[in-house]
Amino acid sequence: MKVTVVGAGNVGASVAEYCAMKELADEVVLLDIKEGFAEGKAMDLNQCATLNGFNTKVVGTTGDYSKTAGSKVVVITSGIPRKPGMTREELIGTNVGIVKTVTENLIKHSPDAILVVISNPMDTMTYLSAKSSGLPKNRVIGMGGTLDSSRFRYRLAEALDCNPNDVQGVVIGGHGDTTMIPLTRLATYNSTPVSNYLSEEKLEEVAKATMVGGATLTGLLGTSAWYAPGAAGAAVVEAIVRDQKKLMSASVYLEGEYGQEDICVGVPVIIGKDGWEEVIDFKLNDEEKAKFEASAAAVRKMNDALEL
Ligand SMILES: NC(=O)C1=CN([C@@H]2O[C@H](COP(=O)(O)OP(=O)(O)OC[C@H]3O[C@@H](n4cnc5c(N)ncnc54)[C@H](O)[C@@H]3O)[C@@H](O)[C@H]2O)C=CC1
Ligand SMILES: O=C([O-])CC(=O)C(=O)O
């Protein structure tokens, strides 16, 4: 079984590394446009096999899509990342052309693949991939909420001074600094509401830190993050290839769910071998519903920039 990752940069190489480490496929193909770059990353990763004890072969290619043929999952990370002070939305001008072309090339060679879109602005790029691939809606998944939820759990664990794995929390809405919605009311620590332990002010602080999680890292690193984005991308791949039926937050094409139509935006879904299988209704309260509506409106405005 083959998994392809397009873009062998920071995020793509990290997705490929986690996929190999977890042996999620027999073969991981890394494709980039920069001459020799994907080949180099693949060789470097293959030289980790005996050190890290995996038997997944990584293949690098400069733009040869025939090597991606027959992939079960393809992950799109190609495109420019933001620099400090920028928003993800500012990347649209460059990334729209890249994501559209890459999607079309991938589908030609892997018509049965499930697409996982990571390039930013992610919700709009997912919508673009869904439209330009013509794939059934369940086979296009935008990865943002899985990362945002892991950052939310990290921030909650930091505030609670506990093991992050004992904390549950989900972020829905757009994958943007102002559009994310950390669902504080529903977050739990070992099955008890986090509000039992943290004040309203502290929870507000946690939510704010979660929303600007990507911007904070971009400020520190000079480019955007890759370890957690790569791990989150690989977690989505794992849910598919291992048919985990896992509840994850992901940007998917909505047809009435959460009151939205003809848009890709982050909602809780079950992910398994067929892609996203079902949207789960979290029964938002009025305040959360209003936030979700505003978030979707902002994503929709960005989608208006697409020429479809
Ligand atoms: N959805 C999410 O949660 C996250 C999204 N991102 C986004 O992922 C994207 C990639 O970020 P990084 O890996 O840090 O950037 P990067 O610059 O390290 O890597 C991007 C790679 O894409 C390649 N590329 C450009 N055009 C291509 C094409 N037409 N075909 C194949 N490859 C092409 C470049 O040569 C480069 O190697 C950015 O748009 C970034 O904003 C990053 C982190 C999290
Ligand atoms: O912050 C960025 O631009 C990259 C990204 O989407 C993230 O790390 O959440």
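Please read these numbers as outputs of a predicted model, since none were measured by experiment.

Visitor: Residues and numbers for the overall build of the protein, please.
Guide: For the protein, the count of helices and strands is ten helices and 14 strands. For a compact globule of 308 residues, the expected C-alpha radius of gyration is about 19 Å, and the protein comes in at 18 Å, within 12% of that figure. Judged by the C-alpha coordinates and their principal axes, the protein covers about 55 × 45 × 40 Å. A total of 308 residues make up the protein; the buried ones form 53% of that total. Of the contacts formed within the protein by residues at least 6 apart in sequence, a portion of 70% connects residues at least 24 apart. Counting only carbon and sulfur atoms, one obtains 52% of the accessible surface of the protein, whose full area is about 13,400 Å².

Visitor: Go over the packing of aromatic side chains with me, naming the residues and quoting the values.
Guide: Going through the model one piece at a time under the given rule, you end up with four aromatic pairs. Note on tryptophan 226 and tyrosine 227: the rings are 5.7 Å apart at their centroids and 45° apart in plane angle, and the pair reads as tilted. You can call tryptophan 226 partly exposed: its relative accessible area is 22%. On the basis of relative accessible area, tyrosine 227 is assigned to the exposed category, the value being 58%. Above the plane of the ring of phenylalanine 37 lies lysine 34, whose end atom (NZ or CZ) is 3.9 Å from the centre.

Visitor: Break down the site of ligand 1 for me, citing the residues and quoting the values.
Guide: If you check the shell around ligand 1, you find 28 residues, and the closest are Asn10, Val11, Asp32, Ile80 and Met143. Separating a nitrogen atom of ligand 1 from a backbone N or O atom of isoleucine 33 is a distance of 3.4 Å. Between ligand 1 and histidine 175, the relevant distance is 3.2 Å, taken from an oxygen atom to a side-chain nitrogen or oxygen of the residue. Isolated, ligand 1 exposes 870 Å² of accessible area, and the fraction of that covered by the protein chains is 88%. Elements with a minimum of two residues in the shell around ligand 1: helix H1 (10–21) and helix H4 (92–109). Considering every element that reaches the shell around ligand 1, the biggest residue donor is H4, with three residues. Its residues assigned to classes, the shell around ligand 1 comprises 15 nonpolar, eleven polar and two charged.

Visitor: Which residues make up the sheet that holds strand E7 (residues 167–168), and what are the values?
Guide: Think of a sheet as strands paired side by side through backbone hydrogen bonds, with each pair either parallel or antiparallel. Across the sheet, three strands lie side by side as E7-E10-E11; this open sheet has antiparallel pairing. Looking at which strands have only one partner, the edges of the open sheet turn out to be E7 and strand E11 (192–193).

Visitor: Please provide a residue-by-residue account of the pattern of salt bridges, values included.
Guide: One pass over the structure, following the stated rule, counts 17 salt bridges. In this structure, the salt-bridge partner of lysine 67 is aspartate 64, at a minimum N-O distance of 4.0 Å. Across the pair aspartate 274 and lysine 273 runs a salt bridge, and its minimum N-O distance is 3.4 Å. Connected through shared salt-bridge partners, Lys22, Glu238 and Arg242 make up one network.

Visitor: Report on the UniProt feature "binding site: NAD(+)" (unreviewed entry) in the protein, specifying residues and quantitative values.
Guide: In the numbering used here, UniProt assigns the feature "binding site: NAD(+)" (unreviewed entry) to Gly7, Ala8, Gly9, Asn10, Val11, Gly12, Asp32, Asn95, Ile118, Ser119 and Asn120. Its place among the elements puts glycine 9 in the loop between strand E1 (2–6) and H1. Aside from chain neighbours lying at most four places away, what touches glycine 9 is Asp32, Phe37 and Lys41. Here glycine 12 is to be found in helix H1. If near-sequence neighbours (up to four positions away) are discounted, glycine 12 is found in contact with Val5, Gly7, Leu30 and Thr77.

Visitor: Hey, could you go over the side chain of serine 249 for me, with residue numbers and the actual values?
Guide: Within the secondary structure layout, serine 249 lies in strand E12 (residues 246–255). Taking relative accessible area as the criterion, serine 249 reaches 4% and is therefore assigned buried. For serine 249, the side chain forms a polar contact with the main-chain oxygen of valine 171, separated by 2.6 Å. The residues touching serine 249, leaving out its near neighbours within four places in the chain, are Gly145, Thr146, Ser149, Val170, Val171, Ile172, Gly266, Val267 and Pro268.

Visitor: If you had to explain the state of the cysteines to someone new, which residues and values would you point to?
Guide: This structure, assessed with the given rule, holds zero disulfides. Of all cysteine sulfurs, the one in cysteine 48 lies closest to cysteine 19, which takes part in no disulfide; the gap is 14 Å.

Visitor: Could you give an account of the site of ligand 2, with specific residues and numbers?
Guide: Around ligand 2, the structure places Arg82, Arg88, Asn120, Leu147, Arg151, His175, Gly214, Thr218 and Ser224. The contact in question runs from an oxygen atom of ligand 2 to an N or O atom on the side chain of asparagine 120, over 2.9 Å. Within the side chain of arginine 151, a nitrogen or oxygen atom sits 2.7 Å from an oxygen atom of ligand 2. Its free accessible area being 260 Å², ligand 2 has 95% of it covered by the protein chains. For the shell around ligand 2, the secondary-structure elements that each account for two or more residues are helix H6 (145–160) and helix H8 (213–221). Residue classes in the shell around ligand 2 are distributed as one nonpolar, five polar and three charged.

Calculation rules
Residues numbered from 1 in each chain as written. Chains lettered and ligands numbered in written order. Predicted model: local features only at pLDDT ≥ 70, side-chain atom pairs only at ≥ 80, totals over all residues. Heavy atoms only, no water. Helix = DSSP H or I, 4+ residues; strand = E, 2+ residues; numbered from the N terminus. Rg over C-alpha atoms; globule rule 2.2 N^0.38 Å. Buried < 20%, exposed > 50% of the residue type's maximum accessible area, 1.4 Å probe, protein only. Contact = heavy atoms within 4.5 Å. Areas by Shrake-Rupley, 256 points an atom, 1.4 Å probe, with all protein chains shown as cover. Phe/Tyr/Trp six-rings, centres within 6.5 Å; stacked < 30°, edge-to-face > 60°. Lys NZ or Arg CZ within 6 Å of the ring centre and 35° of its normal. Near = heavy atom within 4 Å. Polar contact = N/O pair within 3.5 Å; in protein donor to acceptor, adjacent residues only side chain to side chain. Nonpolar A, V, L, I, M, F, W, Y, C, P; charged D, E, K, R; others polar. Pairing = 2+ DSSP bridges. Salt bridge = Lys/Arg side-chain N within 4 Å of Asp/Glu carboxyl O. UniProt positions renumbered as here; feature names shortened; annotations may be inferred. Disulfide = S-S within 2.5 Å.

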